[in-house]
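The chain contents come next:
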Amino acid sequence: MKFSVSKETFVKQLQMVVGVVERRQTLPILANVLISLKDGELALTGTDLEVEIVSRAASETGAELSGEITVPARKLLDICRSLPDGVDIKFSTNDKGRVVITSGRSRFTLSTLPAEEFPNVEDGAENFEFSLPAKNLKHLIDSTSFAMAHQDVRYYLNGMLWEVSGSKLNGVATDGHRLAISSIELPGETASNPVQAILPRKGVVELSRLLVDEGEITISLGDAHLRVRGSDFHFTSKLVDGAYPDYDKVLPKGGSLVIRGDRDGLRQAFSRAAILSNEKYRGVRLLLNDNLLNIIANNPEQEEAQEEVTVSYTGPELEVGFNVNYILDVLNTLAGEEVVFILSDANSSALIQDPADEAASYVIMPMRL
């Protein structure tokens, strides 16, 4: 195999796939990236057996020099990053089966492993396929992914639910204490019966990183896999095998206590109060009375923070506690100038929304303080 490619193109390709390559591997070949050249197209593949990413670009080499080999992924990226900008990188294999990388006066020889040993995330039947702008899917992921559980024994919570219902794609994430849901319209697509898939946490994180351009992407949902195809990448992830909770039952309905306030002002007030909240429980008390919100935080050192914020609220006096980190995550995610909190009573969950964007809703469970 022999080819030449610009540094910028190759580093961009490597950065797409290297995130999925685990640093500590049970199989040595999983620390490698598969380099494949065929018909003038250069493809790089990285996988951890759960998620697979393939990045594609044109090379400057003819098809007669095609081939494939696997090379240590992070060493290769470090080498290519360290080369001067604007140079071409030349790759070739020597008679000992190693890869030789040259650029200007620099020369590196890397060990390889046979491409035949490189695993492939198995193909499966696809039940439903649709297309949408990449930026729309990225917005859906970024507005909900923070609520995913992390290493929860309820493994199905360690990921994000994608549900195609009618002409909408719903993204749902929860860790049992909070819930985030966002919806986007699918142009011209309808599903007669809801189609659900749980994408694991690593797949969600890597896919969000890939969605950087303005182009269209195609998503294919199967029984065990989800695939996303963009102009320069193919993403495949195994799905979490489990039943996601009925999130619609968690959404509070009919709350009569409505608090409206300036999102940025509230975000700053909660951020300041969080400094003196208990580092373990992160709880803050909210005291509401006639257009005034008092935020109170305490810690075991008997220190206290009080913030007073003017809001729109005309209900009865109310005291309720919440995890301040959960509130800040929502306020940092919303983009509008105003935010609305809806409660039923002091023991109810809070429904948080942006009045200018009804596509996303957030639920936070209360805390006993």
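Use the structure listed above.
Residues numbered from 1 in each chain as written. Predicted model: local features only at pLDDT ≥ 70, side-chain atom pairs only at ≥ 80, totals over all residues. Heavy atoms only, no water.

1. Observations regarding the environment of Phe108
Among the structural elements, Phe108 can be located in strand E8 (residues 106-110). According to the relative accessible area criterion, Phe108 is partly exposed, its value standing at 28%. For the pair Phe108 and Ser143, spaced 35 residues apart in sequence, the C-alpha separation works out to 43 Å. (Helix = DSSP H or I, 4+ residues; strand = E, 2+ residues; numbered from the N terminus. Buried < 20%, exposed > 50% of the residue type's maximum accessible area, 1.4 Å probe, protein only.)

2. Notes on helix H6 (residues 263-274)
The end-to-end C-alpha separation of H6 is 16 Å, in line with the 16 Å expected for 12 residues at 1.5 Å each. Of all the positions in H6, only Arg263, Leu266, Ala269, Phe270, Ala273 and Ala274 are classed as buried. The buried side chains of H6 occupy one side of the element, clustering within an arc of 135° when seen end-on. Looking at the buried side of H6, the elements it contacts are strand E17 (257-262), strand E18 (283-288), strand E19 (292-298), strand E20 (304-310), helix H7 (324-333) and strand E22 (338-343). (Expected span 1.5 Å × (residues − 1). Arc of directions from axis to C-beta. Contact = heavy atoms within 4.5 Å.)

3. Concerning the side chain of Asn299
Examined against the element boundaries, Asn299 turns out to sit in the loop between E19 and E20. Since its relative accessible area comes to 12%, Asn299 is described here as buried. One polar contact links the side chain of Asn299 to the main-chain carbonyl oxygen of Leu276, over a distance of 3.4 Å. The residues touching Asn299, leaving out its near neighbours within four places in the chain, are Leu276, Ser277 and Asn278. (Polar contact = N/O pair within 3.5 Å; in protein donor to acceptor, adjacent residues only side chain to side chain.)

4. Things to note about the nonpolar core
In terms of nonpolar packing, the biggest core is built from 97 residues, with Phe10, Leu76, Phe91, Leu137, Trp162, Phe235 and Phe270 touching the most fellow members. Those residues within four positions of Leu137 in sequence are excluded, and the remaining contacts are Leu132, Trp162, Leu169, Ile184, Leu207, Leu211, Ile217 and Ile219. Of all hydrophobic cores here, the second largest spans 15 residues; its members include Leu157, Ile181, Val240 and Leu351. (Core = buried A, V, L, I, M, F, W, Y, C linked by side-chain atoms within 4.5 Å.)

5. Quick word on the sheet that holds strand E23 (residues 350-354)
Strand order in the open sheet formed by 8 strands is E13-E10-E11-E12-E24-E23-E22-E17, and the pairing between neighbours is antiparallel. A single partner strand is all that each edge strand has here, and the edge strands are strand E13 (191-200) and E17. Along the sheet, successive strands turn relative to each other by an average axial angle of 20°, direction set aside. Bridge count for E23 against strand E24 (residues 357-364) is 5 bridges, and the pairing is antiparallel. Bridge assignment links Leu351 to a residue of E24, and that residue is Val363. Seen against the sheet, helix H4 (residues 201-210) touches strand E10 (159-166) and E13 and runs at an angle of roughly 95° to E13. Together, E17 and E22 form the strand contacts of H6, whose direction differs from that of E17 by roughly 90°. (Pairing = 2+ DSSP bridges. Axes fitted to C-alpha atoms, helices over the stretch in contact; angles between N-to-C directions.)

6. Digging into the pairing of E20
Only one face of E20 is buried: it carries Ala305, Glu307 and Val309, and the other face, with Glu304, Gln306, Glu308 and Thr310, is open. In terms of strand pairing, E19 meets E20 through 7 bridges, oriented antiparallel. Counterpart to Asn294 in the pairing with E20 is Glu308.

7. What about the environment of Ser55?
By the element assignment, Ser55 lies in strand E4 (residues 51-58). Judged by its relative accessible area of 0%, Ser55 is buried. Here the alpha-carbon distance between Ser55 and Lys253, two residues 198 residues apart in the chain, equals 45 Å. Those residues in contact with Ser55 that sit more than four places away from it in its chain are Gln13, Met16, Val17, Leu42, Ala43, Leu44, Asp232 and Phe233.

8. Some words on the packing of aromatic side chains
Scanning the entire structure with this criterion turns up 6 aromatic pairs. Judged by centre distance (6.4 Å) and plane angle (45°), the ring pair of Phe3 and Phe10 falls under tilted. For the residue pair Phe3 and Phe10, the accessibility class agrees, reading buried in each case. Relative to Phe91, the ring of Phe10 lies with its centre 4.8 Å away and its plane at 50°, an arrangement referred to as tilted. Note that Phe10 is positioned in helix H1 (residues 7-18) and Phe91 in strand E6 (residues 88-93), a separation of 81 residues in sequence. Aromatic ring contacts, followed pair by pair, group Phe3, Phe10 and Phe91 into a single cluster. (Phe/Tyr/Trp six-rings, centres within 6.5 Å; stacked < 30°, edge-to-face > 60°.)

9. A short note on unusual backbone geometry
Negative phi characterises most residues that are not glycine, and trans characterises most peptide bonds. Unusually for a residue other than glycine, Gln151 sits at a positive phi of about 55°. If you trace the backbone, Gln151 turns up in the loop between helix H3 (134-142) and E10. Of the residues examined, Gln151 reaches a relative accessible area of 70% and is grouped as exposed.

10. Digging into the packing of H3 against H4
Two elements in contact, H3 and H4, have axes whose closest approach is 9 Å; the angle formed by their N-to-C orientations is 140°. The pairing of H3 with H4 is recorded here as oblique in orientation. Read as a crossing pair, H3 and H4 show a hand that is left-handed. Counted together, Leu137, Lys138, Ile141 and Asp142 of H3 and Val204, Leu207 and Ser208 of H4 form the full contact between these two elements. Here the residues of the contact of H3 with H4 sort into 4 nonpolar, 1 polar and 2 charged. (Parallel < 35°, antiparallel > 145°, perpendicular 65-115°, else oblique. Left-handed = near helix turned anticlockwise from the far one by under 90°. Nonpolar A, V, L, I, M, F, W, Y, C, P; charged D, E, K, R; others polar.)

Read these as geometric descriptors, not functional statements.
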